[in-house]
Amino acid sequence: MKERSPSEVVLAAHISVQYGDRSPVLRGVSLEIGRGEVLGLVGQSGSGKSTLAMAILGLLDRKRARAEGTIEFDGCDLLKLPERELRGLRGRKIALVLQSPLSSLNPALKIRTQLKEAWRAHAAGDSTDCEAAIRAALQSVSLPSTDEFVRKYPSQMSVGQAQRVLIAMAVLHRPALLIADEATSALDVITQSEILALFRELNRSFGMAILYISHDLASVAGICDRIAILHEGQIVESGTTVEVLTNPRHEYTQRLMAAMPKMPREVAARKAAAI
Amino acid sequence: MMDVQTKLAGMRTAARKAITVSIVLLGLLGGSAIAQGGELRFCLRSEPKTFDPLKVEDDASVAIRYLTGGVLVRLNRQTQALEPELAQSWKVSKDGKQITFRLRGGVSFSDGTPFSAEDVAYTVQQLMDPALHSPTGDAFRSGPGNVDTKIISPTEISITFPAPVAGLDRQFDQVAILSAHSAKKEMAVLGPFMVADYKPGTSVLLKRNPNYWKSDAQGRKLPYLDSVRLDIQPNRDVEMLRFKRSEIDLINSLDSEYFDKLASTSPQLVHDAGPSLDSEQMWFNEVAKAPLPEFKKNWFRSATFRRAVSEAINREDLSRVVFRGHAQPAAGPVSPANKFWFNSSLKAQAYAPDAALKALQGDGFRMQNGTLIDKSGNAVVFSIITNSGNKYRERMATMIQEDLQKIGIHVNVVTLDFPSLIERMTQTFDYEAILLGLTNVGLDPNEQMNVWLSSSENHQWNPQEKAPETAWEAEIDRLMRAQASSADPRTRKESFDRVQEIAVEQSPFIYLVNRNALSAVATTVQGASPVILVPQTYWNAEQLSVKEVKSANHTGY
Amino acid sequence: MRILRRNFWRNLACAILLAVVGVSVAANWLAPGGYAKQYREATDAGPTRQHWLGTDEIGRDRFARVLYGTRISLLLAPAAALLSTLMAALVGGLGGYLGGRWARGAMAVTDLFLSLPWLFLLITVRALMPLNVSPLASVLVTFLILGLLGWTSAARVLCSTAGSLRESDFVRQARASGIRGTRLFWIHVLPNLKPVLYAQFWISIPAFILSEANLGILGLGVAEPMPSWGSLLKELEGLVSVGEEPWKFVPLLLLVVVVTSFQLVLSKQEEVSA
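Nothing here was measured: the structure is a model prediction, and the numbers come from that model.

Student: Looking at this model, I keep getting lost on the overall build of chain A. Mind explaining?
Tutor: Along chain A, the regular secondary structure elements total 12 helices and 10 strands. Radius of gyration (C-alpha) of chain A: 19 Å, near the 19 Å computed for a compact globule of 275 residues. Each principal axis of the C-alpha distribution contributes one length, and for chain A these read about 55 × 55 × 35 Å. In chain A, which comprises 275 residues, the proportion classed as buried is 43%.

Here's what the structure looks like:
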């Protein structure tokens, strides 16, 4: 792996997490995300992916989970930061997009209210500033910013729209790092590809680093610069997307590769012939 | 005394005439008018606590004692005269300590054990045994010491109490004689019925006592009834419903609302026996150490004030509205139902708000914008407490509230649960006025000693005075003691008449109404003649009979 | 079409409520005899031209009593219900949301309240109150007590609901957006407790109206001669059949109509948000 200067690194984590006396969920995981880089973190459910995301955001249950190590972000160790300062980072510097868009939006509130709350959490400004920021964020995720739209409740939108709203909320403050935790897993294939394209787009236009967490190697492959494979709480392999996909070294990666859907040979051949 | 005797004599003549008439009727009807046999059914409103007649305290047990117990003397509930039962005659000594009974011979208990003076001695010893704590015995425990029973012969006994007992002979109305020898203990009885079956929570079945000594005028053995079935039913609505369905034959005491409802559909079933001994009354707190402001105590301790309040209450309206006419304005402490002891010169206080206001103005009160103000400028406001859940009292209080508003007195009506009310009334004295009813069981003034003596606990307006605090209380004390120590009914009556007059003049209790005794009896019950004294409907149970019920009535459900 | 129909019912409910409030406010003009005057010559009477709903047992005009009783109950019962709902939200909702020790604490307080011997406590309250309390003060205190006591069962439901909300995705998402704790509770947790809170509020109103009447047994509640719905409903206790004296059921009918109307008017918002 190529060495990078500290200024190029947005987040560097060396961390172990353990719940109570049970065996550790994360065992000495080391991870670096460069500025503007999209890092894919792949692992099956239970491998500790979400724990890592929560650890970065400082949202681990402090009473039950014990985190050791360091998470360097913007020159400070997130694990040592007091809650008040952590809160200041959440949503402003580090944003999160969760798996299930409909349950991640509050069913009792109009989306405008939810966006407004997210904006107010970090910005002091009058309602015109707020409206402008919301409009800009919605436009950046290709959603209508009309009054009619923002007055909707989550139940009145499609899943794809809801996911875009969540992403809009996440990019409201132009964070340096966006953590997408299985952000496309619940979507149908077409919506999934649209959202992936949107992430790529946001990554390019805002220069925003993305930690893209997924169990699905195929979807990761499409947008990530680099891939890290998480297996049983440890990073078993990491490298550029091409490296990992073409030359998987670890046995688990190989199994993942083998499980990827392939086009049947004849169909591929016929397609090739047609072209 | 003369006129009393004449009165009683007159009554006896009347009774004899009645018997003659009924014999004539019987002759005409061929002797089949009184059906022999049958079962009388009615409800007890609570579970009987005991079948031991000496331990009886609750109403349900009293009812069973009345039906099963044989007594030496019985107070005739209709004539209010004391009549011989197991004792053929009796004599009370001059000092009121000793009574000698001459007993009926040839009587046996329900189990066949013969009855003799020994049983009376045994019963009286048990009654007075401090270890037994007999509530019935309390009436006889007028002083320290032991009771002495002397069996003169198997049919004659003399009983000497350590101290004079007020109305000694009448008290024996409550003493059911136990057998000294029977193996069945208190279940061997001398009364018309005996307990045959008891299902706790459900019913008590009484069967006729085959050894009962009494016979009717034709020599037929009493009681006529084969059995009495007492269902335990605390809910009065259910009781009423069962009566309507002919599942029970009588309701001993009805309230006026039920009475009117029943009367509207079946007037032949209801009986209004006229004013009972029960009275409804209110009184002011006259306790010196009560936690009340001085100016209020001054009002309450002023007879003018109390009388004015009494005059400003419209008793006619209370009787008519609250009790739907089934009550009479009360004249004083004794109900006119108490034939001998009622002071007939007393009349119920007429409604006289103008006179009341005038009297108050004469005492330094004045009206100002519709509010009565006392000498020192305090508006006259007080609260009347009554027990919650009794709608009659709540309504009376509300009507009194409006009546008194007319003379500028502002009343707050407060309903309290009974224990809280009693606590305020007897412990903390934290009250201004109370409206309650008084149930009188006995007829004799001696049974009211505890209310009138200023040293008594039940001297409610100012209990346990060390010495009488007012001249009129001292006078009442003197008169009550005088009547208690005299054996001459005429002097006793004179004293007690005066007590009643003072009670009205001073109005420590403001008597409101005497409620009527209301009952319901099915037409199948023959021989019923409801009276005002408890037990109103079945006081002559041994003479009652129940006509065969047609089966149609039973297939109603 | 559906919306139109729903609007019709809603407007009707609004109109009914306005009418009831209006009529009760105008009681002084509509029933100039007042609620306390006893027409002793016409007690327990049926409807006449003078007494539209007849008179009660001691001859007071039932129509006047219903109007004045409406004033008292319509003002105080919802106020007490609001108080109890807020208490439930505060103890149950906040406790459940904060979780852990707080939730256990909230439940402990709730259990304590549920297990307290209220009868004795209320008797003590009555004993502490002076005897000469004006009827209005008495009824105020009663509703205050009801409001302060009536929240416990709702608090239990709220506590568990709030507990599960705490673990929900949107709360996690909101926390990840950096929204402050208290704000999170107000904005994200409380609105989702609305159905439970609404239920508590609507159940409380009739319950409190009836409890007020029953507290009369302890010398609390509205005092004579003042009327309340509770004391008017008490009249129905001994009544055997509806057919006999239907006018006595007017207070009950009014209670049902008013509570239903309130529900119709306010459930509108809930429906949209659901």
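Student: Please clarify how the overall build of chain C should be interpreted in this entry.
Tutor: Counting its regular elements, chain C contains 11 helices and zero strands. Going from N to C terminus, chain C has its helices and strands arranged as α-α-α-α-α-α-α-α-α-α-α. Taken along the three principal axes of its C-alpha coordinates, chain C extends 75 × 55 × 35 Å. Across the 274 residues in chain C, those meeting the buried criterion constitute 43%. The long-range share in chain C, meaning contacts at least 24 apart out of those at least 6 apart in sequence, stands at 70%.

Student: Explain the pairing of strand β7 (residues 177-181) of chain A here, please?
Tutor: When a strand is regular, its side chains alternate between the sheet's two faces. Residue and element names in this part refer to chain A. Judged by how many residues are buried, β7 sits mostly within the fold: five of five residues are covered. Pairing analysis gives four bridges linking strand β6 (residues 94-97) to β7, with the strands arranged parallel. Within β7, the residue paired with Val97 across the bridge is Ala180. By the bridge criterion, five bridges tie β7 to strand β8 (residues 209-214) in an arrangement that is parallel. When the bridges of β8 are listed, Leu177 appears paired with Ala209.

Student: Please clarify how the sheet that holds strand β4 (residues 87-92) of chain B should be interpreted in this entry.
Tutor: Adjacent strands of a sheet pair through backbone hydrogen bonds, lying either parallel or antiparallel. Residues and elements named next belong to chain B. Strand order in the open sheet made by the four strands is β4-β5-β7-β6, with antiparallel pairing throughout. Of all strands in the sheet, those bounded by a partner on one side alone are β4 and β6 (148-153). For this sheet, the mean inter-axis angle between neighbouring strands, taken without regard to orientation, is 15°. Pairing of β4 with strand β5 (residues 98-103) involves five bridges; the strand directions are antiparallel. Residue pairing for β5: Ser89 is matched across the bridge by Arg102. Helix α3 (residues 117-128) rests against β5, β6 and β7 (156-160) of the sheet, and its axis sits at about 175° to β6.

Student: For this particular structure, what's the right way to read the interface of chain A and chain C?
Tutor: Quoted interface sizes are often the accessible area lost when the parts come together. Taken together, the contact pairs 24 residues of chain A with 18 residues of chain C. Residues belonging to the side of chain A that touches chain C are distributed by class as follows: 12 nonpolar, seven polar and five charged.

Student: Help me understand the interface of chain C and chain B in this model?
Tutor: Opposite the 21 residues of chain C that make contact, chain B presents 24 residues. Tallied by class, residues from the side of chain C that touches chain B come to 10 nonpolar, seven polar and four charged.

Student: When you look at the confidence of the model for chain C in this model, what are you seeing that I'm missing?
Tutor: Residue and element names in this part refer to chain C. Predicted confidence across chain C gives a mean pLDDT of 84, with 92% of residues reaching 70 or more. Within chain C, the element-level pLDDT minimum falls on helix α11 (residues 250-273), averaging 74, and the maximum on helix α3 (residues 62-98), averaging 90. When the criterion is pLDDT under 50, residues 269-274 qualifies, and its contacts beyond four places in sequence or with other chains add up to five contacts. Here the predicted complex carries an ipTM of 0.83, next to a pTM of 0.76.

Student: Even after reading the chapter, I still don't get the sheet that holds strand β10 (residues 234-240) of chain A, so can you show me in this structure?
Tutor: All names here are of chain A. Judged by pairing direction, the sheet is mixed, and its six strands sit side by side in the order β6-β7-β8-β3-β9-β10 without closing on themselves. The two strands at the open ends of the sheet, each matched to only one other strand, are β6 and β10. Neighbour-to-neighbour, the strand axes of the sheet open up by a mean angle of 15°, direction not taken into account. Here five bridges tie strand β3 (residues 38-42) to β8, and the two strands are oriented parallel to one another. Counterpart to Leu39 in the pairing with β8 is Leu211. Across the face of the sheet, helix α7 (residues 159-171) comes into contact with β6 and β7 while running at roughly 175° to β6.

Student: Hey, could you run me through the pairing of strand β8 (residues 193-199) of chain B in this one?
Tutor: Residue and element names in this part refer to chain B. As defined by bridge partners, β8 adjoins strand β9 (residues 203-208) across six bridges and the pair is classed as antiparallel. If you follow Tyr198 over to β9, its bridge partner there is Val204. Taking the residues that link successive antiparallel strands as the turn, the β8-β9 hairpin has three residues, and the phi of Gly201 there is positive, at about 80°.

Student: In this structure, what is going on with unusual backbone geometry? I would like to understand it.
Tutor: Among all residues except glycine, the phi angle is most often negative; among peptide bonds, the trans geometry is most common. With omega at -5°, the peptide bond leading from Val534 of chain B into Pro535 of chain B counts as cis. Tracing the sequence through the fold places Pro535 of chain B in the loop between β20 (525-526) and β21 (545-546). Following Glu224 of chain C, the chain continues into Pro225 of chain C via a peptide bond in cis, with omega recorded as 5°. With respect to the secondary-structure elements, Pro225 of chain C resides in the loop between α9 (181-215) and α10 (229-234). Its identity as a non-glycine residue notwithstanding, Asp74 of chain A has a phi of 55°, on the positive side. As for its placement among the helices and strands, Asp74 of chain A is situated in the loop between β4 (65-73) and β5 (76-77). Backbone geometry at Phe429 of chain B places phi at a positive 55°, although glycine is not the residue there.

Student: Honestly, the packing of helix α4 (residues 111-120) of chain A against helix α5 (residues 127-140) of chain A in this entry has me stumped. Any pointers?
Tutor: The description of two helices packed together rests on the angle between their axes and the distance between the axes. Residues and elements named next belong to chain A. For the pair α4 and α5, the least separation of the axes is 10 Å and the interaxial angle reads 110°. As judged from the angle between their axes, α4 and α5 are roughly perpendicular. Judged by residue contacts, Arg112, Leu115, Lys116 and Trp119 of α4 engage Cys130, Ala133 and Ile134 from α5. Taken together, the residues of the contact of α4 with α5 sort by class into five nonpolar, no polar and two charged.

Student: Just checking my understanding: could you explain the nonpolar core for this structure?
Tutor: One recurring pattern in soluble globular proteins is that nonpolar side chains are buried together. The biggest cluster of nonpolar side chains holds 282 residues, and the ones touching the most others in it are Ile56, Ala168, Leu177, Ile179 and Tyr212 of chain A. Among the elements that make up this core, the one with the highest residue count is α3 of chain C (17 residues). Leaving out residues up to four positions away in the same chain, Leu177 of chain A has contacts with Val10, Leu11, Ile33, Lys93, Ile94, Ala209 and Leu211 of chain A.

Student: What is the right way to look at the packing of helix α7 (residues 152-166) of chain C against α9 of chain C in this model?
Tutor: Residues and elements named next belong to chain C. Put simply, α7 and α9 touch, their axes get as near as 10 Å, and they point 160° apart. One finds that α7 runs roughly antiparallel with respect to α9. α7 and α9 meet at a crossing whose hand is right-handed. Of α9, the residues touching α7 (which contributes Ala154, Val157, Leu158, Thr161, Ala162 and Leu165) are Val189, Asn192, Leu193, Val196 and Gln200. In the contact of α7 with α9, the residues fall into eight nonpolar, three polar and no charged.

Student: Please explain the environment of Pro535 of chain B as it appears in this structure.
Tutor: Exposure remark for Pro535 of chain B: the 21 C-beta atoms within 10 Å place this residue in the buried category. Linking Pro535 of chain B and Asn252 of chain B, residues 283 residues apart in sequence, is a C-alpha distance of 7.0 Å.

Student: Any chance you could explain the environment of Arg62 of chain C here in plain terms?
Tutor: All names here are of chain C. Here Arg62 is to be found in helix α3. Looking at Arg62, the number of C-beta atoms within 10 Å reads 25, which means it is buried. With 60 residues separating them in the primary sequence, Arg62 and Leu122 have C-alpha atoms 30 Å apart. Arg62 has contacts with His51, Leu53, Gly54, Thr55 and Asp56, leaving out every residue within four places of it along the chain.

Student: How do you make sense of the environment of Asn387 of chain B when you look at a structure like this?
Tutor: Residues and elements named next belong to chain B. Tracing the backbone shows Asn387 in strand β16 (residues 381-387). Among the residues examined, Asn387 registers 21 C-beta atoms within 10 Å and is labelled buried. Other than its neighbours up to four places away in sequence, Asn387 contacts Arg393, Thr415, Leu416, Phe418, Leu421 and Leu436.

Student: Sorry if this is basic, but what is going on with α7 of chain A here?
Tutor: Residues separated by three or four positions in an α-helix point in the same direction, a consequence of the helix having 3.6 residues per turn. Residue and element names in this part refer to chain A. Across its 13 residues, α7 extends 18 Å between first and last C-alpha, which sits within 8% of the 18 Å expected from 1.5 Å per residue. Taking burial as the measure, the 13 residues of α7 include 10 buried ones, the bulk of the element. Three or more residues of α7 are buried, namely Ala162, Gln163, Arg164, Val165, Leu166, Ile167, Ala168, Met169, Ala170 and Val171.

Student: So what exactly am I meant to see when it comes to helix α8 (residues 303-311) of chain B here?
Tutor: Considered for burial, the residues of α8 of chain B that qualify are Phe305, Arg306, Arg307, Ala308, Val309 and Glu311 of chain B. Those residues of α8 of chain B that are buried are in contact with β12 (270-284), α7 (294-300), α10 (353-362), α11 (391-405) and β19 (509-521) of chain B.

Basis of the calculations
- Residues numbered from 1 in each chain as written.
- Chains lettered and ligands numbered in written order.
- Predicted model: local features only at pLDDT ≥ 70, side-chain atom pairs only at ≥ 80, totals over all residues.
- Helix = DSSP H or I, 4+ residues; strand = E, 2+ residues; numbered from the N terminus.
- Rg over C-alpha atoms; globule rule 2.2 N^0.38 Å.
- Buried ≥ 20, exposed ≤ 12 C-beta atoms within 10 Å, placed from the backbone.
- Contact = placed C-beta atoms within 7 Å.
- Pairing = 2+ DSSP bridges.
- Axes fitted to C-alpha atoms, helices over the stretch in contact; angles between N-to-C directions.
- Nonpolar A, V, L, I, M, F, W, Y, C, P; charged D, E, K, R; others polar.
- pLDDT = per-residue confidence, 0-100.
- Parallel < 35°, antiparallel > 145°, perpendicular 65-115°, else oblique.
- Core = buried A, V, L, I, M, F, W, Y, C linked by C-beta atoms within 7 Å.
- Left-handed = near helix turned anticlockwise from the far one by under 90°.
- Expected span 1.5 Å × (residues − 1).

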